[in-house]
Amino acid sequence: MKNPAFFMCGPDYFDIKYSINPWMNSGNPPDKHLAYQQWDNLYCQLRSLGATVEIIPPCNYPDMVYIADSGIIHQNIFYTSNFRFKERRKESPFWKSFFGKYYKVACLPDKDFYEGSGDSCIVGDKLFCGYGFRTAEKSAYKISKMMGLKPCLLELLDKNFYHLDTCFAPLDAHHALFYPPALSLAARKTIEDHFNCYAVPDTEALNFACNIVSFHRKVLIPENCPLTMDLLNQLGFEPYAIELSEFIKAGGASKCLTLRTTPLS
Ligand code: ARG
């Protein structure tokens, strides 16, 4: 089995300087030192479990650490995000030029909002793509077609779960965690039709239980999700709890801090 590979972007400029999701509150700033330790611990944990991780030095934008949102990689092409908010749109030229050294770069027209791996993931020949808060429905459809994947479009309903990766997580091609109240009935059905799905409890959803990194049956999950950890153990996965309190303050956890370059395994 091939080792999974990820990019991570350093937390040097990570901060809460604006608010573009309900988690972000400048009165509750991250502890920079702790954030660095937590980020480094995630990096070390991924490596010790056998993943390859390449670190990207950041520019002076506070949300770049959430590299999942930069785009999505498929068959040697980096599909760049078109961020909805002007605060994050500033990141895009950097991502394009950085990933341009490794991959061909493709992009939807500027006005088609799409937030990369934050809102979408590839499973087999399908793209599961969330829409509603960041990505637009039309863009979700267009990007699937552009990537040559079958679109499975999932409407998001709860602003606390504004990116798909906050309420849906495939563990492998057959199993997934999800948080049904954040998804439309049609979205839940689409997920249930494709996976054996397991709903995470409310309190743990709010602790980012769905914002996980999963490979080779190992699952890196934010701390304070004991019921989800039990469930993963029962299903034969190996969960590892990671402390990510500082990143949750800005609305993201393990998944958002990584960009996967290899298919789900
Ligand atoms: N503050 C960032 C934003 O609102 C957090 C992004 C987290 N990313 C994610 N894929 N959930 O854009």
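The following refers to the structure shown. As the structure is a computational prediction, the values presented were derived from the model and not from experiment.

### Focus: the site of the ligand
In step 1: Taken together, 16 residues lie near the ligand, and Asn 21, Asp 69, Arg 134, Asp 165 and Ala 250 sit nearest.
In step 2: In the model, an oxygen atom of the ligand is placed 2.8 Å from a nitrogen or oxygen of the Asn 21 side chain.
In step 3: Residue Arg 134 places a side-chain N or O atom 2.8 Å away from an oxygen atom belonging to the ligand.
In step 4: For the ligand, whose free accessible area comes to 350 Å², the fraction covered by protein is 100%.
In step 5: Across the shell around the ligand, the residue classes break down as six nonpolar, five polar and five charged.

### Regarding the nonpolar core
Taken as a class, soluble globular proteins show a tendency for nonpolar side chains to be buried jointly.
In step 1: Among the nonpolar cores identified, the biggest contains 33 residues, and Phe 128, Phe 168, Leu 177, Tyr 179 and Leu 183 are the most heavily contacted of them.
In step 2: At the level of secondary structure, the elements contributing two or more residues to this core comprise strand S6 (120-123), strand S8 (150-155), strand S9 (168-170), strand S10 (175-178), helix H6 (185-194), strand S13 (218-222) and helix H8 (226-234).
In step 3: Non-local contacts of Leu 183, meaning those with residues more than four positions away in its chain, are made with Glu 155, Leu 156, Leu 157, Leu 164, Cys 167, Phe 178, Arg 188 and Ile 191.
In step 4: By size, the runner-up hydrophobic cluster in this structure holds 31 residues, among which are Tyr 18, Met 24, Val 65 and Ala 253.

### Some words on the state of the cysteines
In step 1: With the rule as written, the count across this model stands at zero disulfides.
In step 2: A disulfide-free cysteine, Cys 44 has its sulfur positioned 17 Å from the sulfur of Cys 9, the nearest such atom.
In step 3: In this structure Cys 197 is not part of a disulfide, and its nearest cysteine sulfur, from Cys 210, lies 11 Å away.

### Describing the sheet that holds S8
In step 1: Spatially, three strands are ordered S6-S7-S8 in an open sheet, and the strand pairing comes out mixed. The open sheet has two edge strands with one neighbour each: S6 and S8. Direction aside, neighbouring strands of the sheet carry axes that sit 20 degrees apart on average.
In step 2: Note: S6 against strand S7 (residues 126-131), four bridges, orientation antiparallel.

### Notes on the environment of Phe 161
In step 1: Secondary-structure assignment places Phe 161 in the loop between S8 and S9.
In step 2: Spatially, the C-alpha atom of Phe 161 lies 33 Å from that of Lys 101, the residues being 60 residues apart in sequence.
In step 3: Ignoring any residue separated from it by four or fewer positions in sequence, one finds Phe 161 in contact with Phe 133, Leu 156, Thr 166, Cys 167, Tyr 179, Ala 182, Ala 205 and Leu 206.

### A few points about the pattern of salt bridges
In step 1: Scanning the entire structure with this criterion turns up 14 salt bridges.
In step 2: With a closest N to O distance of 2.8 Å, Asp 112 and Lys 142 form a salt bridge. Pair noted here: Asp 112 is in the loop between strand S5 (104-107) and helix H4 (116-119) and Lys 142 is in helix H5 (residues 137-147), with a separation of 30 residues, a long-range link.
In step 3: One connected set of salt bridges, linked through shared partners, spans Asp 69, Arg 88 and Glu 91.

Rules and cut-offs
The residue numbers shown here count from 1 along each chain, following its written sequence. Confidence filtering applies because this is a predicted model: local features only for residues at pLDDT of at least 70, side-chain atom pairs given and counted only at 80 or more, and all residues used for totals across whole chains, interfaces and linings. Remark: hydrogens and water are excluded; side-chain values derive from all non-hydrogen atoms of the structure. Nearness is judged by heavy atoms alone; a residue qualifies as near a molecule or strand once a single heavy atom is within 4 Å of it. The definition of a polar contact used here is a pair of N or O atoms within 3.5 Å, where within protein one atom must be able to donate a hydrogen and the other to accept one, and adjacent residues in sequence count solely through side-chain atom pairs. Methods summary: accessible areas were calculated by the Shrake-Rupley approach with a probe of 1.4 Å, and residue burial reflects only the protein chains presented. Any residue that is not Ala, Val, Leu, Ile, Met, Phe, Trp, Tyr, Cys, Pro, Asp, Glu, Lys or Arg is counted as polar, Gly included; the first ten are nonpolar and the last four charged. Nonpolar core, defined: a set of buried Ala, Val, Leu, Ile, Met, Phe, Trp, Tyr and Cys residues in which side-chain atoms within 4.5 Å join the residues together. For each residue, the accessible area found with a 1.4 Å probe, counting protein chains only, is set against the maximum for its type, and the residue is called buried under 20%, exposed over 50%, and partly exposed in between. Going along the chain from the N terminus, every DSSP run of H or I of four or more residues is numbered as a helix, and every run of E of two or more is numbered as a strand. We call two residues contacting when some pair of their heavy atoms lies within 4.5 Å. Here, the term disulfide refers to a pair of cysteine sulfur atoms separated by no more than 2.5 Å. Here the rule is simple: two strands pair whenever DSSP picks up at least two bridges between them. The axes used here are C-alpha line fits, helices contributing only the stretch in contact, and every angle between their N-to-C directions lies in the interval 0 to 180 degrees. Basic side-chain nitrogens of Lys or Arg form a salt bridge, by our definition, when they fall within 4 Å of a carboxyl oxygen of Asp or Glu.

That's the geometry; what it means functionally is another story.
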